[in-house]
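A look at the structure
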Amino acid sequence: SSGINAEYGDDTNPEKEEEKFFTSILEMVRWLGYEPFEVTHSSDRFQELYDLAVQMIKSGDAYVCHQTAEELKGFDVKPSPWRERPTEESLTLFEDMKNGKIDEGAATLRMKCTLEEGKVDPVAYRIKFVPHHRTGDDWCIYPTYDYTHCIC
């Protein structure tokens, strides 16, 4: 049988991803006799993902939140006191996040939704002052798996 194979690499967390992981997977796929018609990474779409996040804020579907990582753990998370903050305020804060004006861990962008497993308002972006193995220091905010994989 034949088919089309696209190789996609999730590299949304610069602290955990390295190019060698994607290269070894691609080598295994080729060893099995397949040649992907396309090889992509989440980082190929960082600008598009950012632009979509801005649109989500503008449409009232996302907001900047200041709950800590500890407060956001698990499924019994307290509702965010920042969920209904004004759109313009979230847009300004998200831009500040992108420009490195907010400390790591001090803010996230959260989506106004409930995931199938019950997680309410999952984080879409977080601040990480860590260079990315493909984009270098271009970004200090990174999209999460929950956000990226419903788009890419």
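Summarised in this report is the structure supplied together with it.

What counts, and at which threshold
- Residues numbered from 1 in each chain as written.
- Predicted model: local features only at pLDDT ≥ 70, side-chain atom pairs only at ≥ 80, totals over all residues.
- Heavy atoms only, no water.
- Helix = DSSP H or I, 4+ residues; strand = E, 2+ residues; numbered from the N terminus.
- Contact = heavy atoms within 4.5 Å.
- Patch = residues over 30% accessible without salt bridge, like charges linked within 9 Å, V, L, I, M, F, W, Y side chains within 5 Å.
- Areas by Shrake-Rupley, 256 points an atom, 1.4 Å probe, with all protein chains shown as cover.
- Salt bridge = Lys/Arg side-chain N within 4 Å of Asp/Glu carboxyl O.
- Buried < 20%, exposed > 50% of the residue type's maximum accessible area, 1.4 Å probe, protein only.
- Core = buried A, V, L, I, M, F, W, Y, C linked by side-chain atoms within 4.5 Å.
- Expected span 1.5 Å × (residues − 1).
- Pairing = 2+ DSSP bridges.
- Axes fitted to C-alpha atoms, helices over the stretch in contact; angles between N-to-C directions.
- Polar contact = N/O pair within 3.5 Å; in protein donor to acceptor, adjacent residues only side chain to side chain.
- Arc of directions from axis to C-beta.

Quick look at the environment of K98 now. As for its position among the elements, K98 is in helix α4 (residues 87-98). C-alpha separation for the pair K98 and I141, spaced 43 residues apart in sequence, amounts to 5.7 Å. Those residues within four positions of K98 in sequence are excluded, and the remaining contacts are Y50, W139, C140 and I141.

Taken together, W31, L32 and Y34 make up a surface patch of nonpolar side chains, about 450 Å² in accessible area. Turning to its location among the elements, L32 is positioned in the loop between α1 (19-31) and β2 (38-41). We classify L32 as exposed; its relative accessible area is 56%.

Looking now at the nonpolar core. Ranked by size, the top nonpolar core spans 24 residues in total, and within it F94, M97, L109, Y125, I141 and Y147 carry the most contacts. Listed by contribution, the elements that provide at least two residues to this core are α2 (46-58), β3 (62-65), α4, β4 (108-111), β5 (123-127) and β6 (141-143). Per-element accounting of this core gives the leading share, 7 residues, to α2. Sequence-distant contacts of L109, defined by excluding residues within four places in its chain, comprise A53, I57, A62, Y63, V64, F94, M97, P122, V123, A124 and Y125.

Right, let's get into the pattern of salt bridges. For the structure shown, the criterion picks out 5 salt bridges. Notably, a salt bridge pairs E70 with K73, separated by 3.5 Å at the nearest N-O pair. We note that E70, like K73, is exposed. A salt bridge links E84 to R83; the nearest nitrogen and oxygen atoms lie 3.5 Å apart.

Helix length check: α4, at 12 residues, gives a terminal C-alpha distance of 16 Å against a target of 16 Å (1.5 Å per residue), a fit within 8%. At the exit of α4 stands G100, carrying a positive phi of roughly 75 degrees.

Attention now goes to the sheet that holds β4. With antiparallel pairing, the 4 strands of this open sheet are ordered in space as β3-β4-β5-β6. Here the strands that pair on one side only, and so sit at the sheet edges, are β3 and β6. Ignoring which end each strand starts from, the neighbouring axes of this sheet average 20 degrees apart. Examined bridge by bridge, β4 and β5 share 3 bridges and lie antiparallel to one another. The partner of T108 across the bridge, within β5, is R126. Lying over the sheet, α4 contacts β3, β4, β5 and β6, oriented at roughly 60 degrees with respect to β3.

Along the chain, the position of D121 falls in the loop between β4 and β5. What makes D121 buried here is its relative accessible area of 4%. Within polar-contact distance, the side chain of D121 engages the side chain of R83 at 2.6 Å. Those residues in contact with D121 that sit more than four places away from it in its chain are Y63, R83, R110, M111, K112 and C113.

With that out of the way, let us pick up α2. Taking 1.5 Å of rise per residue, 13 residues should cover 18 Å, and α2 covers 18 Å from first to last C-alpha, within 8% of that figure. Turning to α2, its buried residues number three or more, namely F46, L49, Y50, A53, V54, M56 and I57. All buried residues of α2 project into a common sector of 155 degrees when viewed along the axis, lining one side. At its buried positions, α2 is contacted by β3, α4, β4, β5, β6 and α5 (145-148). G60 sits one or two residues past α2 and shows a positive phi near 85 degrees.

By themselves, these observations are geometric and do not establish any function.
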